[in-house]
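Each chain, written out:
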Amino acid sequence: MLRLEEITPENLPDAVNVKVAPHQERFVAPVLNSLAEAYASRQTAWPRLVFDGERAVAFIMGNFDPGHEIEAFRCGIWRLNVAGDAQGKGYGKFAVDAFLEEARKRGHAWATVLWEQGGPEGFYLRLGFQPTGEVLFGETVGAIDL
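Caption draft 1: Representation of the nonpolar core in the model. Grouped together as the largest cluster of nonpolar side chains are 35 residues, with contacts concentrated most on Ile60, Ile77, Val96, Phe99, Tyr124 and Phe129. If you list the elements that add at least two residues to this core, you get helix H2 (31–40), strand E2 (45–52), strand E3 (55–64), strand E4 (75–82), helix H3 (91–105) and strand E5 (110–115). If you tally residues by element for this core, the top one is E3, at seven residues. Ignoring any residue separated from it by four or fewer positions in sequence, one finds Ile77 in contact with Ile60, Met61, Gly62, Val96, Phe99, Thr112, Val113, Leu114, Tyr124 and Phe129. Counting five residues, the second largest nonpolar core, distinct from the first, contains Ala72, Leu114, Leu136 and Val141.

This is the structure we're talking about:
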């Protein structure tokens, strides 16, 4: 039974223990770093944990900042970490779908994600994101219509 939860003092240790596979570490910040960023951006950040039963299997952090000067940062996925031993089971898709549903509820017409060359591009393309042709901070910007 999959569920999405806000980060709380009680599940914080679960969040910090979500670790991607070693070969993916160069593509995504550790959850602890993301939580620090979420704290600093608490007005716009949307950090959540995916649980399968009692186990935290994934972490997603989105951002909702309609007035941001960079269009790609107005509604987008900042981080997605799926535990290395839990990949390929639909947890990442579940997390992305939950973010997209939240974006729709907030009235957004599209959402973005950035990825590094050699990173999770195939995953996001399979979910329907398409490269926009824009590159920010050396990363490809992908977008999806909602």
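Caption draft 2: Spatial organisation of H2. Among the residues of H2, Val31, Ser34, Leu35 and Ala38 are the ones counted as buried. Buried residues of H2, seen end-on, are gathered within an arc of 100 degrees and therefore sit on one face of the element. The exposed residues of H2 that point more than 90 degrees off its buried face are Leu32, Tyr39 and Ala40. Its buried side turned inward, H2 meets helix H1 (12–16), E2, E3 and E4.

Caption draft 3: View of the pairing of strand E6 (residues 130–136). In this structure, E6 lies alongside strand E7 (residues 139–145), joined through four bridges in antiparallel fashion. For Leu136, the partnering residue across the bridge sits in E7 and is Glu139. Counted between consecutive antiparallel strands, the loop separating E6 from E7 contains two residues, among which Phe137 sits at a positive phi close to 55 degrees.

Caption draft 4: Molecular detail of the environment of Gly118. Residue position: Gly118 is located in the loop between E5 and helix H4 (121–126). Accessibility expressed as a relative area gives 57% for Gly118, which makes it exposed. Residues Gly118 and Phe27, 91 residues apart in the sequence, show an inter-C-alpha distance of 8.5 Å.

Caption draft 5: Highlighting the environment of Glu101. Turning to its location among the elements, Glu101 is positioned in helix H3. Taking the C-alpha atoms as reference points, Glu101 and Glu71, 30 residues apart in sequence, are found 19 Å from one another.

Caption draft 6: Region of the structure containing the sheet that holds E5. Strand order across the open sheet formed by seven strands is E1-E2-E3-E4-E5-E7-E6, with mixed pairing between neighbours. The open sheet has two free edges, formed respectively by strand E1 (2–6) and E6, since each of these has just one partner strand. Each neighbouring strand pair of the sheet contributes to a mean axis angle of 30 degrees, computed without reference to strand direction. Here E2 pairs with E3 via eight bridges, running antiparallel. Counterpart to Pro47 in the pairing with E3 is Met61. Of the strands in this sheet, E2, E3 and E4 touch H2, which is tilted by about 35 degrees from E3.

Thresholds applied
Residues numbered from 1 in each chain as written. Predicted model: local features only at pLDDT ≥ 70, side-chain atom pairs only at ≥ 80, totals over all residues. Heavy atoms only, no water. Core = buried A, V, L, I, M, F, W, Y, C linked by side-chain atoms within 4.5 Å. Buried < 20%, exposed > 50% of the residue type's maximum accessible area, 1.4 Å probe, protein only. Helix = DSSP H or I, 4+ residues; strand = E, 2+ residues; numbered from the N terminus. Contact = heavy atoms within 4.5 Å. Arc of directions from axis to C-beta. Pairing = 2+ DSSP bridges. Axes fitted to C-alpha atoms, helices over the stretch in contact; angles between N-to-C directions.

No statement about biological role is implied by the geometric values presented.
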